[in-house]
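These are the residues of each chain, in order.
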There are 2 protein chains.
Amino acid sequence: MPLSREKIAATAIRLADTHGLDGLSLRKIAKELGVGPMRLYDYVINKSELLDLMVDVVYSRIAEVGERSGWRDTVLAIAHATRAAALEHEWFSDVLGGRPHLGPHALAVGEATAAALNAAPGVVDIDDLQRAVGTLNAVIIGSVRREVTERRTARSTGTDEAAFQASLGPYLTRMLTTGRYPTVARLVIDGAHLEAEETFHHNLTTILDGITRRRST
Amino acid sequence: MPLSREKIAATAIRLADTHGLDGLSLRKIAKELGVGPMRLYDYVINKSELLDLMVDVVYSRIAEVGERSGWRDTVLAIAHATRAAALEHEWFSDVLGGRPHLGPHALAVGEATAAALNAAPGVVDIDDLQRAVGTLNAVIIGSVRREVTERRTARSTGTDEAAFQASLGPYLTRMLTTGRYPTVARLVIDGAHLEAEETFHHNLTTILDGITRRRST
DNA sequence: GTATTGGTGAATACACCGTACGGTAACGAG
DNA sequence: CTCGTTACCGTACGGTGTATTCACCAATAC
């Protein structure tokens, strides 16, 4: 089988999943495919285009969520699918919001969310729609990015308390015991470990409620 | 004058401002300082730590906004300062939310926002505070990132309509005329150019209103 | 005064990166 | 048979972060 954009993107995604975006190189992809590095340039302009390709593959998975009955359920389904995709492919969050996503599948999920939001109460003219899309995307990007970063640091320091104390602990506890950051200290010490998915859902409902309510400003 | 972490960080920031984060290399920083590349390692563990240093310098500028009278004004001031900093140092948005910000100045602005939110109505226990901080940061990260990316693509394609049609135009218009993305097409064609700062402010007020309102879920 | 030492800034070296470029072999169309 | 196209391949260049080695020079010991 002769090599193709799809196959290149697939193995690139697999490598990025396991070694991160920094550990991804054209040479490694080529080696994984049993091929010289320059072969890839017969199918891809440069690394940036390959990244766009990978991103759109992920969007194609997100786009697979079918339409729901109501606009709200549709938006929630897309958002949760985006989060799930980012958790499965953590590099995706590194790229989220960092470049325009204009691939066909990215446009498809953009269309789906825009169409759903257009049916939301409180969205009457096109300016409302534009604002609603912007706000929703902002909250998705920010939430997902936050969660993935937290998960990474948690993994790097180790989940258990001991490893945490050994790595970030010394510096952070020293910082927090200075008394200059009392609220942050209280958050870190007394704060419960909130369920991530519930937090995400909370953020979503907060801004969806905000969208449906007509504002005066 | 003998070289210092501060001076290294300052010229690194200057270089990143003009050439972007990708165009930033230790060798260029060293050359700018009239020094061998390896000298930097006497002041900095590795490039990652240098990046953390740069980030915290930016946070120090953000932290300069004094306390406002009310919790809402304080939060808004910090958020707008963050946006302003990201517009001045666009590479900052590339890093926003992508790594834990634990520098002293970053902690200081974290403390300030947390303390302000703690005084907000609707925030009663520590779980509320944790959620509020998370939501606010998510919306700041997402909004700023979106805006910077848009500004970049606008600059790369050129602001004027003609250049746009020449670069992204062909592909995008071809995509939009397929009729598969009617809502997106309407947004692109009929959508007015909204003022960026006002959009940001809109996103902020939306979620601040959401925070002050007690939720049932 | 000479020899030895310690430490510090400079230079070299390594492994890796993206990619420009030239070349070769199969193969269907004329 | 020739020719243009397509798929494959290897080498080479300039760049990166960083480990390591080298060169020098001031200070001390004799």
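For the structure itself, consult the block above.
Residues numbered from 1 in each chain as written. Chains lettered and ligands numbered in written order. Predicted model: local features only at pLDDT ≥ 70, side-chain atom pairs only at ≥ 80, totals over all residues.

Caption draft 1: Summary view of the overall build of chain A. Of regular secondary structure, chain A possesses eleven helices and zero strands. Along chain A, from the amino end to the carboxyl end, the secondary structure elements read α-α-α-α-α-α-α-α-α-α-α. Taken along the three principal axes of its C-alpha coordinates, chain A extends 60 × 55 × 25 Å. For chain A, the proportion of its 217 residues judged to be buried stands at 35%. Partitioning the contacts of chain A with sequence separation of at least 6, the portion at a separation of at least 24 is 64%. (Helix = DSSP H or I, 4+ residues; strand = E, 2+ residues; numbered from the N terminus. Buried ≥ 20, exposed ≤ 12 C-beta atoms within 10 Å, placed from the backbone. Contact = placed C-beta atoms within 7 Å.)

Caption draft 2: Expanded view of the protein's contact with DNA strand D. Taken together, the neighbourhood of DNA strand D is formed by 15 residues, with M38(A), S25(B), L26(B), N46(B) and K47(B) sitting nearest. Top contributing element to the surface near DNA strand D by residue count: helix α2 (residues 26-32) of chain B, with three residues. Of the residues that constitute the surface near DNA strand D, the class distribution is seven nonpolar, three polar and five charged. (Near = placed C-beta within 6 Å. Nonpolar A, V, L, I, M, F, W, Y, C, P; charged D, E, K, R; others polar.)

Caption draft 3: How the structure looks around the relation of the copies chain B and chain A. For the pair chain B and chain A, the relating rotation is 180°, the translation along its axis is 0.0 Å, and the fit reaches an RMSD of 0.0 Å. Between the two chains, the operation in question is that of a two-fold axis. An overlap of 98% is found between the interface residues of chain B and their copies at the interface of chain A, pointing to a shared contact surface. (Least-squares fit on C-alpha atoms with pLDDT ≥ 70 in both.)

Caption draft 4: Structural context of the protein's contact with DNA strand C. Every one of the 13 residues lining DNA strand C counts as a neighbour, but S25(A), L26(A), N46(A), K47(A) and M38(B) are closest to it. The residue makeup of the surface near DNA strand C, split by class, is five nonpolar, three polar and five charged.

Caption draft 5: Seen up close, the nonpolar core. A12(A), M54(A), L117(A), A12(B), M54(B) and L117(B) are the most contacted members of the largest nonpolar core, which has 104 residues in total. The contact partners of L117(B), leaving out residues within four places of it in the chain, are W71(B), V75(B), V123(B), L129(B), A132(B), V133(B) and L136(B). (Core = buried A, V, L, I, M, F, W, Y, C linked by C-beta atoms within 7 Å.)

Caption draft 6: Broad picture of helix α1 (residues 5-19) of chain A. Residues and elements named next belong to chain A. Taking 1.5 Å per residue as the helical rise, α1 with its 15 residues ought to reach 21 Å, and the 21 Å between its terminal C-alpha atoms agrees with that figure. Of the positions making up α1, those classed as buried are I8, A9, A12, I13, L15 and A16. The inward-facing, buried residues of α1 abut α2 (26-32), α3 (47-62) and α5 (90-95). Once α1 ends, the next one or two residues include G20, with phi positive near 80°. (Expected span 1.5 Å × (residues − 1).)

Caption draft 7: Local environment of the interface of chain B and chain A. If you look at the interface, chain B gives 51 residues, while chain A gives 50 residues. Elements that contribute at least two residues to the side of chain B that touches chain A include exactly α6 (104-118), α7 (126-157), α9 (169-176), α10 (182-190) and α11 (196-212) of chain B. The element best represented in the side of chain B that touches chain A is α7(B), accounting for 18 residues. Looking at side-chain class alone, the side of chain B that touches chain A contains 20 nonpolar, 21 polar and ten charged residues.

Caption draft 8: Spotlight on the packing of α3(A) against helix α4 (residues 71-88) of chain A. Residue and element names in this part refer to chain A. Axis separation between α3 and α4 bottoms out at 9 Å; the angle between their running directions is 135°. Judged on the interaxial angle alone, α4 and α3 are oblique. Our pair here, α3 against α4, has a crossing hand that is right-handed. Side by side, α3 and α4 meet where V58, R61 and I62 of the first sit next to I78, A81, T82 and A85 of the second. Looking at side-chain class alone, the contact of α3 with α4 contains five nonpolar, one polar and one charged residues. (Axes fitted to C-alpha atoms, helices over the stretch in contact; angles between N-to-C directions. Parallel < 35°, antiparallel > 145°, perpendicular 65-115°, else oblique. Left-handed = near helix turned anticlockwise from the far one by under 90°.)

Caption draft 9: Structural detail: the environment of H201(B). Tracing the backbone through its elements, the reader meets H201(B) in helix α11. The spatial distance from the C-alpha of H201(B) to the C-alpha of G110(B) is 19 Å, given a sequence separation of 91 residues.

Caption draft 10: Structural view of the environment of D56(B). Residues and elements named next belong to chain B. Among the secondary structure elements, D56 is positioned in helix α3 (residues 47-62). As for D56 and L107, which are separated by 51 residues in sequence, their C-alpha atoms are 9.2 Å apart. Those residues in contact with D56, other than ones at most four positions away along the chain, are G103, P104, H105 and A106.

Caption draft 11: Spotlight on the packing of α3(A) against helix α6 (residues 104-118) of chain A. All names here are of chain A. Across the interface, α3 lies against α6 with an axial gap of 7 Å and an inter-helix angle of 40°. Classed by the angle they form, the pair α3 and α6 counts as oblique. The two elements α3 and α6 meet at a crossing, and its hand is left-handed. In this structure, α3 uses V55, D56, Y59, S60 and I62 to contact α6, whose residues at the interface are P104, H105, A106 and V109. Class assignment for the residues of the contact of α3 with α6 results in six nonpolar, two polar and one charged.

Caption draft 12: Examining the environment of L96(B) more closely. All names here are of chain B. If you trace the backbone, L96 turns up in the loop between α5 (90-95) and α6. Among the residues examined, L96 registers 26 C-beta atoms within 10 Å and is labelled buried. Distance in space between the C-alpha atoms of L96 and P121 is 28 Å, their sequence separation being 25 residues. Each residue touching L96, except ones within four places of it in the same chain, is listed here: A86, I141, V144 and R145.

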